[in-house]
Amino acid sequence: MPSTDFTEKLAERVRRRVSPERWAHIVRVADLARQLAEAAGADGERAWLAGILHDVARELPEEELLALCPPENEVEAAHPRALHGCAGRKIAAEWGVSDPEVLEAIEGHVWGVSPANPIGMAVYVADVSEPGRGVNEDLRRRALAGDLEGAYAEAVARKVAYLKAKGIPIHPRTLKAYAEAHA
Ligand SMILES: Nc1ncnc2c1ncn2[C@@H]1O[C@H](COP(=O)(O)OP(=O)(O)O)[C@@H](O)[C@H]1O
């Protein structure tokens, strides 16, 4: 999907919904996701679009997130801000995005994606490793070198280890993503 009027308009709609700092993060994620997808032989333009849309709902008030995506379990109820992945997917679909891998990437950047979806893995790894984060540079390098699956599996493993160390119950989708990525 080359950059078109449609994708440019979507990017502009996102930009208007977020702070300048968030927009800068979004652009870094989208540009990196494109590079990571291409390094893995996947479609960079679709990864870019998913990156541009991934945090479209990140600054919505909690009441709006809860209205768009009623919590499906206790982890979601305890952490409504994390519903921004689900809410972002719904907004993107409403705006006319129908590509299932792009939609899964938007939702899955919070809890994890299927390892059969390189667009989703590219956005996930880009989100945790873009230079503005200041962490996970090794994962960025690994994915830039073409090992997207390995970088993604390690990114999910780090999140799981971090949550376990803090004694926080882990979202079932994250546990599923971990199991699939390490199968
Ligand atoms: N219970 C959980 N299970 C799985 N992943 C989680 C959980 N809590 C947080 N995360 C992951 O960690 C990310 C960061 O969470 P957190 O540190 O609470 O920051 P934020 O409030 O900015 O989302 C979330 O977006 C999600 O990807």
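The structure we're discussing is the one just above.
This structure is a prediction, so every number in the text was calculated from the model and none was measured.

S.K.: What is the right way to look at the side chain of Glu107 in this model?
M.R.: Among the structural elements, Glu107 can be located in helix H7 (residues 100-111). Residue Glu107 is classed as buried on the basis of its relative accessible area of 12%. In terms of polar contacts, Glu107 uses its side chain to reach the side chain of Arg89, at 2.9 Å. A polar atom in the side chain of Glu107 sits 3.2 Å from the side chain of Arg173. In this structure, Glu107 is in contact with Gly85, Cys86, Arg89 and Arg173, ignoring residues within four places of it in sequence.

S.K.: Would you explain the site of the ligand in this entry?
M.R.: Near the ligand there are 13 residues, and of these Arg58, His79, Val110, Lys159 and Pro169 occur at the shortest range. Arg81 places a polar side-chain atom, nitrogen or oxygen, 3.2 Å from an oxygen atom of the ligand. For the ligand, a nitrogen atom lies 2.9 Å from a polar atom in the backbone of His171. Relative to its free-state accessible area of 540 Å², the ligand is covered by the protein chains to the extent of 73%. The cavity that encloses the ligand is the largest pocket. Residue assignment for the shell around the ligand shows that the elements contributing at least two residues are H7 and helix H10 (148-165).

S.K.: Sorry if this is basic, but what is going on with the pattern of salt bridges here?
M.R.: For the coordinates displayed, the defined rule picks out 16 salt bridges. Arg89 is paired through a salt bridge with Glu107; the nearest N and O atoms lie 2.9 Å apart. Of this pair, Arg89 sits in helix H6 (residues 84-94) while Glu107 sits in helix H7; the two residues are 18 residues apart in sequence, bridging distant segments of the chain. Overall, Arg89 belongs to the partly exposed group, its relative accessible area being 29%. By sharing partners, the salt bridges in this structure join Glu12, Arg15 and Arg16 into a single network.

S.K.: It is not clear to me how unusual backbone geometry should be interpreted in this structure. Could you clarify?
M.R.: Peptide bonds are trans in most cases, and residues, glycine excluded, mostly fall at negative phi. Located in the positive-phi region is Asn136, a residue other than glycine, with phi close to 60°. Topologically, Asn136 is positioned in the loop between helix H8 (118-129) and helix H9 (137-144).

S.K.: Just checking my understanding: could you explain the layout of surface pockets for this structure?
M.R.: Vacant regions in the atomic arrangement are exposed by a probe of water-molecule size rolled over the atoms. What the largest pocket holds in volume is close to 950 Å³. Every residue lining the largest pocket is counted, 29 residues in all, and those nearest its centre are His79, Ala82, His84, Val110 and Lys159. Going through the elements one at a time, helix H2 (20-39), helix H5 (74-78), H7, H8 and H10 are the ones with two or more residues in the lining of the largest pocket. Of the residues that constitute the lining of the largest pocket, the class distribution is 13 nonpolar, seven polar and nine charged.

Rules behind the numbers
Residues numbered from 1 in each chain as written. Predicted model: local features only at pLDDT ≥ 70, side-chain atom pairs only at ≥ 80, totals over all residues. Heavy atoms only, no water. Helix = DSSP H or I, 4+ residues; strand = E, 2+ residues; numbered from the N terminus. Buried < 20%, exposed > 50% of the residue type's maximum accessible area, 1.4 Å probe, protein only. Polar contact = N/O pair within 3.5 Å; in protein donor to acceptor, adjacent residues only side chain to side chain. Contact = heavy atoms within 4.5 Å. Near = heavy atom within 4 Å. Areas by Shrake-Rupley, 256 points an atom, 1.4 Å probe, with all protein chains shown as cover. 1 Å grid on protein atoms, 1.4 Å probe; cavity = no way out; pocket = protein on both sides within 12 Å on 5 of 7 lines; lining within 4 Å. Sits in = over half its atoms within 2 Å of the grid points. Salt bridge = Lys/Arg side-chain N within 4 Å of Asp/Glu carboxyl O. Points joined across faces, edges and corners; volume = space filled by probe spheres on them. Nonpolar A, V, L, I, M, F, W, Y, C, P; charged D, E, K, R; others polar.

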